[in-house]
Amino acid sequence: MNTVATKVAVVGSGISGSVCASSLARNGVSVTLFESARGPGGRMSQRREVSEDGKELVFDHGAPFFTVSNAEVLGLVREWESRGLVAEWKQNFGSFDCSSNKIFNMEQEGLTKRYVGVPGMNAICRALCQEPGVERKFGVGVGRMEWLESENLWSLTGLDGQNLGHFQGVVASDKNIVSPRFTNVTGRPPPLDLNLVPELAAKLQDIPVIPCFALMLAFAEPLSAIPIKGFTMINSEVLSWAHCDSSKPGRSAASERWVLHSTMEYANSVIAQTGLQKLSEATLKKVAEELFHEFQSTGLSISQPFFKKAHRWGSAFPATSIAKEEKCLWEKNKRLAIAGDFCVSPNIEGAIVSGIAAASKLTEMLSCL
């Protein structure tokens with residue numbers, strides 16, 4: 001592998017890393033993007049499943065949609081719309097009170113603009129990662145990030161010990177790159193030693209996160225008793241959100257597909273018993289049954305699905321913002337940016353804003369070299 005330092009490494013291909021990589025490449029910077037998963041998206045990834053009778057099913061099992069208030073982000077979204085990567089999800093939404101089993105706060109279509117990727121939430125990240133100047137390395141996890149003081153460069157090593165190259169700058173868009181959770185899951189120390197960035201260590205030490213379970217459901221017939229396509233669950237200890245994934249633009253209508261999200265309290269109760277290691281099929285099946293039982297108890301005439309599967313998001317949702325003013329963490333001397341929704345605000349828009357800020361810092365610094 002070529003180790004000549006002509007590139008910036010971006011670690012993580014969620015929306016923050018993807019936007020950052022695209023912005024850097026558009027400014028003439030050569031980018032190598034590393035992603036441990038098989039494809040891009042992070043919390044905006046799309047899950048492909050196959051039912052027992054061979055039907056292919058697709059779910060947005062992470063972020064269901066995003067909203068925009070920032071002018072710069074809105075400009076990007078308009079560009080993505082023109083490219084067919086994004087569309088407005090025009091449906092009725094509301095809330096459901098599990099204590100009274102009633103829908104309230106019904107919001108009429110179009111009152112709040114909710115955007116989705118087309119044909120899946122990961123479409124945006126996938127397109128950004130494929131832009132000229134971005135070299136993609138999917139299925140390649142970064143195991144160690146080392147600063148070479150004598151060479152004024154970063155050296156990256158893969159989880160398998162492979163030399164991934166030397167880089168003039170690094171953007172880390174995965175909060176777990178410095179987190180003890182990385183050790184809990186992999187048994188290895190985090191890739192970035194906080195002793196290398198003492199100025200940032202206090203903020204990065206242990207970013208609190210909100211765990212969540214997602215339940216993917218597919219029904220042969222529409223759930224016609226439900227008059228809205230997405231709703232917040234109130235007064236439930238188990239469920240926090242439900243939406244009809246197949247009602248989004250650009251989705252297959254061959255079956256009706258729903259995604260449910262658990263409460264933080266429910267997810268924590270499961271993790272307290274199982275830890276953050278890979279869950280057994282038996283545990284995931286039990287979680288799926290419990291989440292579906294809560295959905296059925298709404299009294300909304302929920303029929304039996306022909307597909308039902310749970311997924312754990314162990315640390316995807318940040319519970320705090322650590323760089324609201326700066327929009328990303330920046331170590332000027334080592335040309336290291338830390339970006340993500342945990343920097344600005346815990347949502348897709350916050351992640352985009354942070355990715356733009358990180359790209360700006362590196363572009364400006366590299367232009368002076």
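This text follows the structure it describes.
Residues numbered from 1 in each chain as written. Predicted model: local features only at pLDDT ≥ 70, side-chain atom pairs only at ≥ 80, totals over all residues. Heavy atoms only, no water.

Draft legend 1. Expanded view of the sheet that holds strand β16 (residues 239-244). Taking strand neighbours across the sheet as the criterion, the seven strands line up as β7-β6-β15-β16-β17-β14-β18 in an open arrangement whose pairing is mixed. Every interior strand has two partners, whereas the edge strands, β7 (102-107) and β18 (307-318), have only one. With strand direction ignored, the average angle separating the axes of adjacent strands in the sheet is 20 degrees. Pairing of β16 with strand β17 (residues 256-262), which is carried by five bridges, proceeds in the antiparallel orientation. In the strand pairing of β17, H243 is matched with V259. Packed on one face of the sheet, helix α6 (residues 264-274) meets β14 (209-219), β17 and β18 and runs near 100 degrees to β14. Each of β14, β15 (230-234), β16, β17 and β18 touches helix α7 (residues 281-296); the most contacted strand, β14, lies at about 75 degrees to it. (Pairing = 2+ DSSP bridges. Helix = DSSP H or I, 4+ residues; strand = E, 2+ residues; numbered from the N terminus. Axes fitted to C-alpha atoms, helices over the stretch in contact; angles between N-to-C directions. Contact = heavy atoms within 4.5 Å.)

Draft legend 2. Fine view of the packing of aromatic side chains. By the definition in use, this model includes 12 aromatic pairs. With a centroid separation of 5.8 Å and 20 degrees between ring planes, the pair formed by F59 and F307 is classed as stacked. In this pair, F59 is assigned in strand β4 (residues 56-59) and F307 in strand β18, connecting sequence segments 248 residues apart. Ring centres of F65 and F93 lie 6.4 Å apart, and the angle between their planes is 50 degrees; on these two criteria the pair is classed as tilted. Linking F65 in the loop between β4 and α2 (71-82) with F93 in strand β6 (residues 93-97), this pair joins segments that are 28 residues apart in sequence. Among the aromatic side chains, those forming a connected cluster through ring pairs are F65, W89, F93 and W241. Above the face of the W89 ring, K248 is positioned so that its terminal group lies 5.2 Å from the ring centre. (Phe/Tyr/Trp six-rings, centres within 6.5 Å; stacked < 30°, edge-to-face > 60°. Lys NZ or Arg CZ within 6 Å of the ring centre and 35° of its normal.)

Draft legend 3. Layout of the pairing of β14. Among the 11 residues in β14, 10 count as buried, and that is most of the element. With six bridges connecting them, β14 and β17 associate as antiparallel partners. Its bridge partner lying in β17, A214 is registered against H261. (Buried < 20%, exposed > 50% of the residue type's maximum accessible area, 1.4 Å probe, protein only.)

Draft legend 4. Quick peek at the nonpolar core. Judged by nonpolar contacts, the single largest core of 55 residues is most densely connected at I15, W80 and L156. At five residues, the largest contribution of residues to this core is made by helix α8 (residues 348-366). Setting aside residues up to four positions removed in sequence, L156 forms contacts with A9, V11, F34, V142, R144, M145, Q162, N163, L164, G165, F167 and V170. Core analysis: the next-biggest nonpolar cluster, separate from the first, contains 30 residues, A242, Y266, V270 and V287 among them. (Core = buried A, V, L, I, M, F, W, Y, C linked by side-chain atoms within 4.5 Å.)

Draft legend 5. Expanded view of the layout of surface pockets. Taken as a whole, the second largest pocket encloses approximately 510 Å³ of empty space. What lines the second largest pocket is a set of 22 residues, and nearest its centre among them are R43, P64, H261, F317 and P346. Contributions of two or more residues to the lining of the second largest pocket are made by β14, β16, β17, α6, β18 and α8. (1 Å grid on protein atoms, 1.4 Å probe; cavity = no way out; pocket = protein on both sides within 12 Å on 5 of 7 lines; lining within 4 Å. Points joined across faces, edges and corners; volume = space filled by probe spheres on them.)

Geometric descriptors of this kind do not, in isolation, establish any biological role.
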